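Residue-level listing of the chains:
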Amino acid sequence: MTRKPTSASGRRPRDVVADTLREQIRTGRLQAGTRLPTQRELEAEFSVGRSAVREALAALAQEGFLENVGRGASPTVAEPTYHAEAPRSAGVELADRLHEAFQTEHITIDAFSLTTETLNNALAWPVRQVMDHQLTPRSVTARVLVPSLQARLALPRLIDDPEDPKPRERLHRMQTTYVDALSNSLHSLAPFGTTVTLTVRAVPLTPTHKLYLLNGDEALIGYYQVVKNEEAAFRGEQLALYDVLGLTAKLFRSVRGPEARDEQEASFVTESQQFFDSLWDTIATPFG
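Residues numbered from 1 in each chain as written. Predicted model: local features only at pLDDT ≥ 70, side-chain atom pairs only at ≥ 80, totals over all residues. Heavy atoms only, no water.

**A look at the pairing of strand β5 (residues 139-147)**
Residues in a regular strand point their side chains to alternate faces of the sheet. Counted residue by residue, β5 has seven buried out of nine residues, so it is predominantly covered. When strand β4 (residues 106-112) meets β5, the two strands line up parallel, connected through seven bridges. Paired with Ile109 across the bridge in β5 is Ala142. Read from β4 through helix α5 (residues 117-131) to β5, the crossover connection turns out right-handed. With nine bridges connecting them, β5 and strand β7 (residues 195-203) associate as parallel partners. Looking at the pairing, Arg143 lines up with Thr199 of β7. (Buried < 20%, exposed > 50% of the residue type's maximum accessible area, 1.4 Å probe, protein only. Helix = DSSP H or I, 4+ residues; strand = E, 2+ residues; numbered from the N terminus. Pairing = 2+ DSSP bridges. Right-handed = clockwise from strand over helix to strand, strands pointing away.)

**Let's talk about the sheet that holds strand β3 (residues 88-89)**
Taken together, eight strands build an open sheet; the order of strands is β3-β12-β9-β8-β4-β5-β7-β13 and the sheet is mixed. A single partner strand is all that each edge strand has here, and the edge strands are β3 and β13 (285-286). Each of β5 and β7 is contacted by helix α6 (residues 166-187), which is oriented at about 165° to β7, the strand it contacts most. (Contact = heavy atoms within 4.5 Å. Axes fitted to C-alpha atoms, helices over the stretch in contact; angles between N-to-C directions.)

**Focus: α5**
In this model, α5 (15 residues) spans 21 Å end to end at C-alpha, consistent with the 21 Å of a helix rising 1.5 Å per residue. Its maximal kink placed at Ala124, α5 deviates by approximately 35°, while the proline Pro126 follows within four residues. Taking burial as the measure, the 15 residues of α5 include 13 buried ones, the bulk of the element. Trailing α5 by a residue or two, His133 shows a phi angle of about 65°, which is positive. (Expected span 1.5 Å × (residues − 1). Bend = angle between axes of the 7 residues up to and from the residue.)

**Quick look at the nonpolar core**
Counting residues in hydrophobic clusters, the biggest one holds 31 residues, and the most contacted among them are Leu94, Leu98, Phe102, Ile109, Leu119 and Leu123. For this core, the secondary structure elements donating two or more residues are α4 (90-101), β4, α5, β5, α6, β7 and β8 (209-214). Judged by nonpolar contacts, the second largest core, of 19 residues, contains Val17, Ala18, Leu30 and Ala52. (Core = buried A, V, L, I, M, F, W, Y, C linked by side-chain atoms within 4.5 Å.)

**Side note on the pattern of salt bridges**
Any two side chains of opposite charge can pair, so long as their charged atoms come close to each other. In this structure the tally under the stated criterion is 16 salt bridges. Each member of the salt-bridge network shares a partner with another, and the members are Arg14, Asp15, Glu55 and Glu117. (Salt bridge = Lys/Arg side-chain N within 4 Å of Asp/Glu carboxyl O.)

**Comments concerning the sheet that holds strand β10 (residues 225-234)**
One open sheet holds the three strands; their spatial order is β6-β11-β10, and the pairing between them is antiparallel. Single-partner strands in this sheet number two, and they are β6 (157-158) and β10. Strand direction decides the pairing type here: β6 and strand β11 (residues 237-245), joined by two bridges, are antiparallel. Within β11, the position partnered with Leu158 by the bridge is Leu241.

**Focus on helix α3 (residues 50-62)**
Taking 1.5 Å per residue, 13 residues should reach 18 Å; α3 reaches 18 Å between its end C-alpha atoms and fits that length. Those residues of α3 that sit buried are Ala52, Val53, Ala56, Leu57, Ala59 and Leu60. Along the axis of α3, the buried positions cluster into a sector of 160°, meaning they face one direction only. Those residues of α3 that are buried lie in contact with α1 (13-26), α2 (39-46) and β1 (66-67). Looking one or two places after α3, you find Gly64, whose phi comes out positive at around 90°. (Arc of directions from axis to C-beta.)

**Describing the packing of α1 against α5**
In a packed pair of helices, the relevant descriptors are the angle between the two axes and the axis-to-axis distance. The geometry of α1 relative to α5 is characterised by a closest axis approach of 10 Å and an angle of 50° between their N-to-C directions. Comparing the axis directions of α1 and α5 gives the class oblique. The hand of the α1/α5 crossing is right-handed. Counted together, Arg14, Asp15, Asp19, Arg22, Glu23 and Arg26 of α1 and Glu117, Asn121, Ala124, Trp125 and Arg128 of α5 form the full contact between these two elements. Considered class by class, the residues forming the contact of α1 with α5 number two nonpolar, one polar and eight charged. (Parallel < 35°, antiparallel > 145°, perpendicular 65-115°, else oblique. Left-handed = near helix turned anticlockwise from the far one by under 90°. Nonpolar A, V, L, I, M, F, W, Y, C, P; charged D, E, K, R; others polar.)

Written out as structure tokens, the structure reads:
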């Protein structure tokens, strides 16, 4: 499969559309109940193809930002459904928590996931605000763990042939695309006075969950749900896979320090950090 085109920043066209609309909704430029422009108008506005617009709208609908997508008329901005104690989809929760983390001078991000797609999407908002001089962090230090390109992963795999290498090859191409995009996104902060350190390593494990540790005192964890994906494409071939959902996985948040509700919550953050560090310091190797 030919890699999908990316923008100068390394992001795919669908991500450019989704990130822009997501930010406009979060900042209130697009209010709840507002009807979006037509798909044709969005294609012209962003200079992208129809598939990029459709994928962006579908992603925003999954994240809870849009409703009535794919029903003939243009979709509308959904009413906020956030409740403080309720877990939210990874695409929504991680973006909000990263925005909060970026309020500090020195930011640390440790992430363990399948492809870094969710992290890429979530960073778009705070990165944009740094570029607009609304946030002024002095440094960002990110450590990222993904499955090894050489590992024989349990997922994704063909439904009818678990040993076929094509699903892993497809995943590895996605990993490389998103890691490149992550590097471009973070290093775009350098001209704005932010020192950036990004290190990506790989481990020979199949993630059953995604984990994000922010500023050393907050843990976000979500579990990958295994699903049938019969529309995956690779090198012009349709693949029927057992695949995993990541962007819409619910994230559960725990903190330590004054905000922690009890000792157990604080201990979970500590144990999660130790889990990440144990992988990083032992079996992790440079990605690529």
